[in-house]
Amino acid sequence: MEIMEKDVAKTATKLKTQQILEGKVLSVKWEPNLKYAWDNGPALGRYLAELKNGRIIAKKCNKCHRIMIPPRMFCELCWRPTDEWVFVKDTGIVNTWVVSYVDWKAGRLDIKGGVRPITPAVIEIDGASKGMGILHLLDEVDPWKIYRGMRVKAVWKPAEERIGAITDIKYFKPIE
Amino acid sequence: MRRVAIVGAGLTKFYRNVQETPKELAYEAAKMALDSCEMKLSDIDCVVIGTAPDAFDGLHMKGEYLTDGSGGYRKPYMRHYVGGGTGVLSPIHGWFHVASGMFDTCLVVAEEKMSSAYPHPAGAFLTIFDHTTEQPLYPTLIWIFAIEMNRFMTTYGYRKEDIALVAVKNKKNAMDHPSAQLPGEITVEDVLNSEIMAWPVNRLDISPTSDGAAAIVLAAEHVARRVTEKPIWIDGVGWALDTAYWCTRDLYYPDYVEVAARMAYKMAGIKEPSKEIHIAEPYDPFTYKELHHIEGLLLCKRGESVQMLLDGVTQRTGNLPCCPSGGALGVGNPIAATGLMKIIEIFLQLREEAGKRQVPGKPTCGVAQAWGDLMQVGTVVVMRS
Amino acid sequence: MTKRVAIIGIGTTGFRATTPDLSYRELTYEAATKAYLDAGIEPKDVDAFVSTAEDFFEGYSIADEYSPDQLGAVLKPIYTIPGDFIHSLASAYMMILSGIGDIMVVQGMSKASNMLTLSELVTFAMDPIYNRPLKESPHAVAGMEMARFMYETGTTREQCAKVVVKNKKNALTNPLAGHGVLIDPDYVLNSEIVSFPLTQMDISPHSDGAVVVVLAEEKTAKSLSDKPIWIRGIGWCSDTPGLETRNWAEAVYAQIAAEMAYKMAGIRYPRKEINFAEVNDEFSYKELQHLEAMRICKKGEAGPLTEMGGTEIDGEFPVNPSGGCLGVGNLYELNGGHKVLEVVRQLRGEAGKNQLKDVTTGIAQSWRGIPTTTGTVVILSN
């Protein structure tokens, strides 16, 4: 029953985007207007509140001894409630990173026009257990000179602009 | 445990934009699968549907919308879901239906119409990230895979020009696949010189945005033997999810694939995967992913997948052909349908009906695998002739 | 079927209109902790997990990503069913019969209060070409169905109102329920008309909460539990998704799903062989329509039976003694989970003031809501 060209030829009809944009093929548009207000719960709630204070807080599990960030009310590995709150530092090291020429919609950045590539990274935070990283952005650094293990520090928004969000940290920058 | 076989298969063409609605795509694949084993919808006891994020097709409760197109009308019909791993979870879920003794036949359909998300389905991926700690940074899917690729490369000292060979191999393999969206002969330089998306990922390291559908028919042994002379048995199934806190994992190795593979191998009685498995369809939405998954599937030792590639072992004529279909990079990547396309490829190869794509040496045991979510799910199926 | 499967553990947070103090992670963690304690197991004893989630209800694309942590399922076999909780239960049930393992966990969660644009969301589930451009309210679909159901069966608005009164009253004595209130039928009939004949009080309000259920194969079930509740029959079915072609009077999906479950359970006369039912009552008329589809009542009989008090807690065939969706709240994909939970509580004799006397077999039925025609049924016995 080998699947042959003749079997699949009529199963799908190829269109060009242009045909749709020019109305040669009729289409229906729908922009969903969906809104959510997520309850963060006590762990992330405190995390955000401390970000507003310019500090990073983690939570510790006294069984596996991990100091976890973002903080959580239960340890997903030990399956027990976590224990004390622990402030960690706003410095850390780059675990892995990327030099992105695209934005979140896969839109191209104008790199030739001088726009700096976006450089997101997984940053292991000092004071948290080894391997405990968070996703954030790097800046004030040559994108092509980032390396694994590079030491970085958070650059905070001014206190009056902080709202209790992960973006209260503008980005991380290298420290000498 | 009842033995369950794949007895029929259907696959649509994969394109960037198709005129067909998601329903119609599902219908085309399902109809072809039924025709391939001369069965009617009335011979089918139940239907399962695999389809990834609702945001692609732009339909809330997409499984409900696809009911009639998939042949589920007034039947026991159920949708299952593990993001990008859904395609290979589909035969697993269908296998439960038949192996349990509840049903004798099951139609398994997988559909994806990514082009409905306009202007680009990448936008639909923003909401896969944690809404509090990650979405405010406006991350994109390409970032996190580039992040993983970078970690994989740094660990073993892999070079981009070596990894690029995966794209060269798979796009070439796809030239023999009738459904292929992006077949072609390209070179390593083409990959390296293609547009940088997010270093280390270039344009040609990535599978395309695709629309398409695939379907298979599963049957219990007594039915399978009646329907076909060449049933292909599902002998092992495995799946696993890792934590959603993806930044706390070491991304160099896919533990979730290994756990899933070990589960499937145990069920299939496989002790030495690299010797007992003749052919593999690891999920390859990005070039490095094929290598990452070959390691997770225990088909080579950690850190040896690139050497395997350079030695030609994974070529169609090699000792362990990987993605002989052309994979997601060559055939296209309508997420859930891609996983099922891989199952269909192993099905055809084991029946020696893969035409120009047929691997030599009469393979009798193959494995297909898919992956998804926040780089956290592995789904694995072992099949034998 | 050679193997028997029982529910050996249940856990829930209870159901409230809002749960601002907890995130979805903590809601499920609480329900899971209770269920594991109830079953006498730890996550490491579980062979596989099934979660129930629908992307746009959770507000995540690929919502299954966030399923393993709060269940203790990290690096374990787990997948998600974007369907009703009873679909997930059926999936886990089949895994046990297939020999995947002896202990399975099924999870469902609702954070309905976090969805700010519910009406828009339901429209988003309609056919993008035929239906969405009309911008029909989801309640118009329910209103049309209610009108046709009343026309075909002779059911009256008063009888539908009686369902609301009964269920909201039952909810008052169910500590898990969040929407109990004492009203009379006139209150329902005189409430604001949403989409005639549907009034505001005919529609169930939404609730948050989580349910986790532990299933086990017979031998394990008997060794772990003093009160295993057996799955005797299970069924699920989807009718057409098309608004244009569906049967507006009868719930065909519930009928087919129920017959599948009856056949498996060897039940021929459901009204006699089953003691009580927890059925989907997302809209008041749905309770009546579902009872008739499942052959618990003859066509046109559910309304009069309700009117005479036959479906009350002390009636001849109690329906929704928990308070149903009208009294507990609409939990979306968790609706079936709440139904199963309540049937198990009744069969174990743990339903407190709402406890029915001498019950041995109960049926839980669910429906996926507007605009779907998908339903699920499970029959449980102690």
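Residues numbered from 1 in each chain as written. Chains lettered and ligands numbered in written order. Predicted model: local features only at pLDDT ≥ 70, side-chain atom pairs only at ≥ 80, totals over all residues.

Asker: Account for the overall build of chain C, with residues named and values stated.
Answerer: In terms of helices and strands, chain C carries 14 helices and 11 strands. In terms of overall size, chain C behaves like a compact globule, its C-alpha atoms giving a radius of gyration of 19 Å where 382 residues would be expected to give roughly 21 Å. By its C-alpha atoms, chain C is 55 × 45 × 40 Å across when sized along the principal axes. Taken over 382 residues, chain C has a buried fraction of 66%. (Helix = DSSP H or I, 4+ residues; strand = E, 2+ residues; numbered from the N terminus. Rg over C-alpha atoms; globule rule 2.2 N^0.38 Å. Buried ≥ 20, exposed ≤ 12 C-beta atoms within 10 Å, placed from the backbone.)

Asker: A description of the overall build of chain B should follow, citing residues and the corresponding values.
Answerer: If you tally the helices and strands in chain B, you get 15 helices and 11 strands. With respect to the principal axes defined by its C-alpha atoms, chain B has extents near 55 × 45 × 35 Å. When each of the 385 residues of chain B is scored for burial, the buried share is 72%.

Asker: Give a description of helix α3 (residues 41-52) of chain A that names residues and reports values.
Answerer: Note: α-helices contain 3.6 residues per turn, so residues at a spacing of three or four share the same orientation. Residues and elements named next belong to chain A. In this model, α3 (12 residues) spans 16 Å end to end at C-alpha, consistent with the 16 Å of a helix rising 1.5 Å per residue. For α3, every residue scored as buried is listed here: G41, A43, L44, Y47, L48 and L51. The buried residues of α3 occupy an angular sector of 145° when the element is viewed end-on, so they sit on one face. Note on α3: the residue one or two positions beyond its end, G54, has a positive phi of about 80°. (Expected span 1.5 Å × (residues − 1). Arc of directions from axis to C-beta.)

Asker: Explain the interface of chain B and chain A to me, and be specific about the residues and the numbers.
Answerer: Taken residue by residue, the interface counts 50 residues in chain B and 45 residues in chain A. Within the residue set of the side of chain B that touches chain A, elements represented by two or more residues are α1 (22-36), α5 (141-156), β5 (196-199) and β7 (211-220) of chain B. In terms of residues, the side of chain B that touches chain A owes the most to one element, α5 of chain B, which gives 7 residues. Looking at the side of chain B that touches chain A residue by residue, the classes come out as 24 nonpolar, 18 polar and 8 charged. Where strand β7 (residues 99-100) of chain A lies against β5 of chain B, 2 bridges are found, and the strand directions are antiparallel. By the bridge assignment, S100 of chain A is partnered in β5 of chain B with A198 of chain B. (Contact = placed C-beta atoms within 7 Å. Nonpolar A, V, L, I, M, F, W, Y, C, P; charged D, E, K, R; others polar. Pairing = 2+ DSSP bridges.)

Asker: So, the domain arrangement of chain C: which residues are in play, and what are the values?
Answerer: Residues and elements named next belong to chain C. Assigned domains of chain C: these are domain 1 (5-116 + 207-229) and domain 2 (137-205 + 232-381). For domain 1 and domain 2, the distance between their C-alpha centroids amounts to 23 Å. Going through the elements one at a time, β1 (5-12), α3 (85-98), β4 (103-111) and β7 (208-217) are the ones with two or more residues in the side of domain 1 that touches domain 2. Among the elements that take part in the side of domain 1 that touches domain 2, α3 stands out by supplying 6 residues, more than any other. Partitioned by chemical class, the residues of the side of domain 1 that touches domain 2 number 16 nonpolar, 9 polar and 4 charged. (Domains from an automatic or database assignment.)

Asker: So what about the sheet that holds strand β4 (residues 105-113) of chain B? Which residues, and what values?
Answerer: Residues and elements named next belong to chain B. Strand order in the open sheet made by the 9 strands is β3-β2-β4-β7-β1-β8-β11-β10-β9, with mixed pairing throughout. Of all strands in the sheet, those with a lone pairing partner are β3 (77-80) and β9 (279-281), marking the two edges. In this sheet, neighbouring strand axes are inclined to one another by 25° on average, regardless of whether the strands run parallel or antiparallel. Both strand β1 (residues 4-11) and strand β8 (residues 232-241) contribute to a ladder of 3 bridges, which runs antiparallel. Residue pairing in the sheet places I6 in a bridge with I232 of β8. (Axes fitted to C-alpha atoms, helices over the stretch in contact; angles between N-to-C directions.)

Asker: Requested: an account of the interface of chain B and chain C, with residues and values cited.
Answerer: Facing the 50 residues of chain B at the interface are 49 residues of chain C. Going through the elements one at a time, α2 (54-57), α3 (62-65), β3, α4 (86-99), β8 and α10 (255-268) of chain B are the ones with two or more residues in the side of chain B that touches chain C. For the side of chain B that touches chain C, a count of residues per class yields 27 nonpolar, 14 polar and 9 charged.

Asker: Got a sec to walk through unusual backbone geometry? Specific residues and values, please.
Answerer: Note the cis peptide between W199 of chain B and P200 of chain B, where omega equals 10°. With omega at 0°, the peptide bond leading from I370 of chain C into P371 of chain C counts as cis. Among the structural elements, P371 of chain C can be located in the loop between β10 (361-367) and β11 (374-381). Residues other than glycine seldom take positive phi values, yet W79 of chain A does so here, at roughly 55°. Within the element layout of this structure, W79 of chain A appears in the loop between β3 (74-75) and β4 (80-81). The backbone of D373 of chain B sits at a positive phi, close to 60°, despite the residue not being glycine. Take D373 of chain B: it is sitting in the loop between β10 (365-372) and β11 (377-384).

Asker: Which residues make up helix α15 (residues 335-350) of chain B, and what values go with them?
Answerer: Residue and element names in this part refer to chain B. In this model, α15 (16 residues) spans 23 Å end to end at C-alpha, consistent with the 22 Å of a helix rising 1.5 Å per residue. Counting buried positions over the 16 residues of α15 gives 16, a clear majority of the element. Remark: E352 follows α15 within two positions and exhibits a positive phi of approximately 55°.

Asker: Can you break down the packing of α4 of chain B against α15 of chain B residue by residue, with the values?
Answerer: Residue and element names in this part refer to chain B. Closest axis-to-axis distance for the α4/α15 pair is 6 Å, and the angle between their directions is 60°. Considering their axes alone, α4 and α15 lie oblique with respect to each other. In this structure, α4 uses T86, G87, V88, S90 and P91 to contact α15, whose residues at the interface are I335, A336, A337, T338, G339, L340, K342 and I343. Grouping the constituent residues of the contact of α4 with α15 by class yields 7 nonpolar, 5 polar and 1 charged. (Parallel < 35°, antiparallel > 145°, perpendicular 65-115°, else oblique.)

Asker: Would you mind going over the pairing of β4 of chain C in detail, with residue names and values included?
Answerer: Residue and element names in this part refer to chain C. Burial analysis of β4 places 9 of its 9 residues in the buried class, which makes it a mostly covered element. Alignment of strand β2 (residues 48-52) against β4, held across 5 bridges, turns out to be parallel. Counterpart to T52 in the pairing with β4 is G108.

Asker: Can you tell me about the sheet that holds strand β3 (residues 78-81) of chain C, naming the residues and giving the values?
Answerer: Residues and elements named next belong to chain C. With mixed pairing, 9 strands are arranged side by side in an open sheet as β3-β2-β4-β7-β1-β8-β11-β10-β9. Strands at the two margins of the open sheet, each flanked by one partner only, are β3 and β9 (276-278). Between one strand axis and the next, the sheet turns by 25° as a mean value, whatever way the strands run. Lying over the sheet, helix α1 (residues 24-39) contacts β1, β4 and β7, oriented at roughly 135° with respect to β1.

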